[in-house]
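Architecture at a glance
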Amino acid sequence: MPSRPYRVVLAEDSVLLREGLIGVLGRFGHEVVAAVGDADALREAVTAHAPDVVVTDVRMPPAFQDEGLRAALTLRTRRPDLPVLVLSQYVQRSYAAELLDSGDGGGVGYLLKDRIGQVEQFVDAFARVAAGGTVVDPEVVRQLLRRRRDPLERLTPREREVLALVAEGRSNAAIAAELVVTEAAVGKHIGNILGKLDLPPAEGTHRRVLAVLAYLRG
């Protein structure tokens, strides 16, 4: 999707992947103002450069556990409007839900590296997050939802399927095309989901995002 250029701080310990991401973002008009390989350097780079967006891996030196994700949470605490896109091979359940629920519920994404099939898919997700949207890989949603069984039991299998597509940032039309149903049917499913989650219309809130985040809160 078309977007304005963004200034990016990138945190990725793999040199080859880091250089590849710099090239991809640059090709689409974005500027990587700092590219670092550990969580401490990530925090320092954000302080020094005040970027528009942060793109970070989860597991980085020294322990290769959840350093990148914890750094992202710290950054969002200091600056809740800072868009953060997590790129990882893993779903780090302990902090992923907290990150997705941070700030105002927008400008955050969690994508799995192995499930990104096209460069354009990544760039589109990046632009959505940078613009304040929420983009979550459906597999991330599924793994986090397994920890919270009670809310899931209120939804039908079809409603869960619709919610997973909502989490990808799909429109009603795109969801209808994916599931081969009418837009009216998708609208009805989403209405049921919002009702079961006790999310009535309210000024200043994005109920589609809240519907996803309601499951992810720890």
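Throughout, a residue's number is its position along its own chain's written sequence, starting from 1. Reporting of local features is limited, given that this is a predicted model, to residues whose pLDDT is at least 70; pairs of side-chain atoms are given and counted only at 80 or more, and all residues count toward the totals for whole chains, interfaces and linings. Processing note: side-chain calculations cover all non-hydrogen atoms of the structure and skip hydrogens and water entirely.

- Under the annotation held in an unreviewed UniProt entry, the protein carries the name DNA-binding response regulator and is attributed to Streptomyces longispororuber.

1. Considering the overall build of the protein
- Put simply, DSSP marks the helices as runs of H or I at least four residues long and the strands as runs of E at least two long, and each gets a number from the N terminus on. Looking only at helices and strands, one finds eleven helices and six strands in the protein.
- Looking at the protein as a whole, 46% of its 218 residues are labelled buried.
- Residues count as neighbours in contact if any of their non-hydrogen atoms are within 4.5 Å of one another. In the protein, once contacts between residues fewer than 6 apart in sequence are set aside, the share between residues at least 24 apart is 69%.
- Carbon and sulfur atoms provide 50% of the accessible area of the protein, an area that totals close to 10400 Å². Throughout, exposure labels follow a simple rule: accessible area from a 1.4 Å probe, protein chains only, divided by the maximum for the residue type, with under 20% read as buried, over 50% as exposed, and the rest as partly exposed. Note that accessible areas follow from Shrake-Rupley with a 1.4 Å probe, and for residues the cover is restricted to the protein chains shown.

2. Examining helix α3 (residues 67-78)
- With twelve residues, α3 ought to run about 16 Å at 1.5 Å a step, and its terminal C-alpha atoms sit 17 Å apart, in line with that.
- Every buried residue of α3 is listed here: E67, G68, L69, A71, A72, L73, L75 and R76. The span one expects for a helix is its residue count, reduced by one, times 1.5 Å.

3. Comments concerning the pairing of strand β3 (residues 53-56)
- Because side chains alternate across β3, one face comprises the buried residues V53 and V55, and the other comprises V54 and T56, equally buried.
- One requirement defines pairing of two strands: DSSP has to find at least two bridges between them. With four bridges joining them, strand β1 (residues 7-11) and β3 adopt parallel strand pairing. Each residue of the ladder has a partner; that of L10, found in β3, is V55.
- By the bridge criterion, three bridges tie β3 to strand β4 (residues 84-88) in an arrangement that is parallel. The partner of V55 across the bridge, within β4, is L85.
- Look down the strands so they point away from you; if going from the first strand over the helix to the second traces a clockwise path, that crossover is right-handed. With α3 bridging β3 and the parallel β4, this β-α-β connection has right-handed handedness.

4. Observations concerning helix α8 (residues 157-167)
- Within α8 the residues assigned to the buried category are E159, V162, L163, A164, L165, V166 and A167.
- A positive phi of about 90° marks G169, the residue just after α8.

5. Things to note about the pairing of β1
- Judged by how many residues are buried, β1 sits mostly within the fold: four of five residues are covered.
- Here β1 pairs with strand β2 (residues 31-36) via five bridges, running parallel. Note on β2: the bridge partner recorded for R7 is E31.
- Between the parallel pair β1 and β2, the chain is carried across by helix α1 (residues 15-27), and the sense of this crossover is right-handed.

6. Brief notes about the nonpolar core
- Note on terminology: a nonpolar core comprises buried Ala, Val, Leu, Ile, Met, Phe, Trp, Tyr and Cys residues joined through side-chain atoms within 4.5 Å. Grouped together as the largest cluster of nonpolar side chains are 50 residues, with contacts concentrated most on V9, L42, V54 and Y110.
- L21, L111, V123 and F126 belong to the second largest nonpolar core, which has 18 residues in total.

7. Notes on the sheet that holds β1
- The six strands are arranged β2-β1-β3-β4-β5-β6 in an open sheet whose pairing can be described as parallel. Bordering the open sheet on either side are β2 and β6 (134-136), each of which pairs with just one other strand. Geometrically, the sheet is characterised by an average inter-axis angle of 15° between neighbouring strands, direction not taken into account.
- Axis definition: a line fitted to C-alpha atoms, over the contacting stretch in the case of helices. Angles run 0 to 180 degrees between N-to-C directions. Relative to the sheet, α1 contacts β1, β2 and β4, its axis offset from that of β2 by approximately 170°.

8. Let's talk about the side chain of R18
- Structurally, R18 can be placed in helix α1.
- Positive charges come from Lys and Arg, negative ones from Asp and Glu, while His and the chain ends are left out of the count. When a carboxyl oxygen of Asp or Glu lies within 4 Å of a side-chain nitrogen of Lys or Arg, that pair is called a salt bridge. Despite its burial, R18 pairs with no opposite charge, the nearest such side chain being E19 at 4.7 Å.
- Apart from the residues within four sequence positions on either side, R18 is in contact with L10, E12, D13, A35, V36 and G37.

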